[in-house]
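# A structural walkthrough
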Amino acid sequence: MDQRPAQGEYTEFQSRYITLVPPEGALGVILREQTQEVLALLGGLTEEQGAYRYAPGKWSIKEMLGHLTDNDRIMSYRLLCFARGEQAPLPGYEENDYAAAGAFDRFTLQEMIAHYRIVRESTLALVDSLVDNDYTRTGSSNGIAMSVRAQIALIIGHERHHLRILRERYLN
């Protein structure tokens, strides 16, 4: 079964993330490889680098990692609900409010990396548990209907978006 979401399984807004997903390979494999990329990229940074902000009012690297971790939690919950046939609409979330409430800069960079790793392992276990007919099941969050496979692609594409920002604005 092709795991790539078809147009109509996500919105135009979400396509800006979904188009960042590599065109080849199983979504679970891509997600696992991306996890290793993030851990390798951030694992060698110093605590000072983890606190770096490229401009006033922008997230630190630790806050960005906290955002990615929260996003994984939220998106994997949606993924679970959709895969299990939940028909109740799920809420959206405001990323800046969540990042501020998370107070991620109080943690060391290594603690934030550990949080990310634990949450991502849970997401990977969920994706690994899916069977073919799960991928095309749909649900609704924030008033937007989408498929399970689109939700997985959204997790991957959203993280790729932030990795690009990390490389261009934080680590250049």
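Residues numbered from 1 in each chain as written. Predicted model: local features only at pLDDT ≥ 70, side-chain atom pairs only at ≥ 80, totals over all residues. Heavy atoms only, no water.

In terms of regular secondary structure, the chain is built from seven helices and two strands. Against the 2.2 N^0.38 benchmark of 16 Å for 172 residues, the chain shows a C-alpha radius of gyration of 16 Å, consistent with a compact globule. Each principal axis of the C-alpha atoms in the chain carries an extent, and together these give about 45 × 30 × 25 Å. Restricting to contacts in the chain with at least 6 residues of sequence separation, those with at least 24 account for 76%. When the accessible surface of the chain is totalled, it reaches about 8,600 Å², and 52% of it is carbon and sulfur. Taking the average location of the 18 positive side-chain charges in the chain and that of its 23 negative ones, the two points are 1 Å from each other. (Helix = DSSP H or I, 4+ residues; strand = E, 2+ residues; numbered from the N terminus. Rg over C-alpha atoms; globule rule 2.2 N^0.38 Å. Contact = heavy atoms within 4.5 Å. Areas by Shrake-Rupley, 256 points an atom, 1.4 Å probe, with all protein chains shown as cover. Lys, Arg positive; Asp, Glu negative; His and termini not counted. Charge placed at Lys NZ, Arg CZ, Asp CG, Glu CD.)

Once that is clear, we can look at the environment of glutamate 12. Here glutamate 12 shows up in helix H1 (residues 12–18). Sequence-wise, glutamate 12 and aspartate 105 are 93 residues apart; in three dimensions their C-alpha atoms are separated by 33 Å.

Right, let's get into the side chain of asparagine 71. Topologically, asparagine 71 is positioned in helix H4 (residues 61–83). Beyond its immediate sequence surroundings of up to four residues, asparagine 71 is in contact with Tyr93 and His158.

For the rest of this paragraph, the subject is the pairing of strand E1 (residues 138–141). With four bridges connecting them, E1 and strand E2 (residues 144–147) associate as antiparallel partners. When the bridges of E2 are listed, threonine 138 appears paired with serine 147. Two successive antiparallel strands, E1 and E2, enclose a turn made up of two residues, where asparagine 142 displays a positive phi of approximately 55°. (Pairing = 2+ DSSP bridges.)

Once that is clear, we can look at unusual backbone geometry. Although it is not a glycine, alanine 103 sits at a positive phi angle of roughly 45°. Mapped onto the elements of the fold, alanine 103 is located in the loop between helix H5 (95–102) and helix H6 (109–129). Given a relative accessible area of 36%, alanine 103 falls into the partly exposed group. Here asparagine 142, not a glycine, exhibits a phi torsion of approximately 55°, which is positive. (Buried < 20%, exposed > 50% of the residue type's maximum accessible area, 1.4 Å probe, protein only.)

Further remarks concern helix H2 (residues 27–43). Look at H2: 24 Å from first C-alpha to last across 17 residues, which is about the 24 Å you get at 1.5 Å a residue. For H2, the full list of buried residues reads Leu27, Gly28, Ile30, Leu31, Gln34, Thr35, Val38, Leu39 and Leu42. In this fold, the buried residues of H2 make contact with H4, H6 and helix H7 (148–170). (Expected span 1.5 Å × (residues − 1).)

On inspection of all chains with the given rule, the structure shows four aromatic pairs. Taken together, a centroid distance of 6.0 Å and an interplanar angle of 85° make the contact between tyrosine 52 and tyrosine 170 edge-to-face. Here tyrosine 52, found in the loop between helix H3 (47–50) and H4, pairs with tyrosine 170, found in helix H7; they are 118 residues apart in sequence, far enough to count as distant. When its relative accessible area of 37% is taken as the criterion, tyrosine 52 is described as partly exposed. With a relative accessible area of 9%, tyrosine 170 lands in the buried category. Geometrically, the ring pair formed by tyrosine 93 and tyrosine 98 is edge-to-face, given 4.9 Å between the ring centres and 65° between the ring planes. Assessed through its relative accessible area of 22%, tyrosine 93 is described here as partly exposed. On the basis of relative accessibility, which here comes to 40%, the residue tyrosine 98 falls in the partly exposed class. Clustering of aromatic rings is evident, with ring pairs tying together Tyr52, Tyr54 and Tyr170. (Phe/Tyr/Trp six-rings, centres within 6.5 Å; stacked < 30°, edge-to-face > 60°.)

Shape descriptors only; they carry no functional weight alone.
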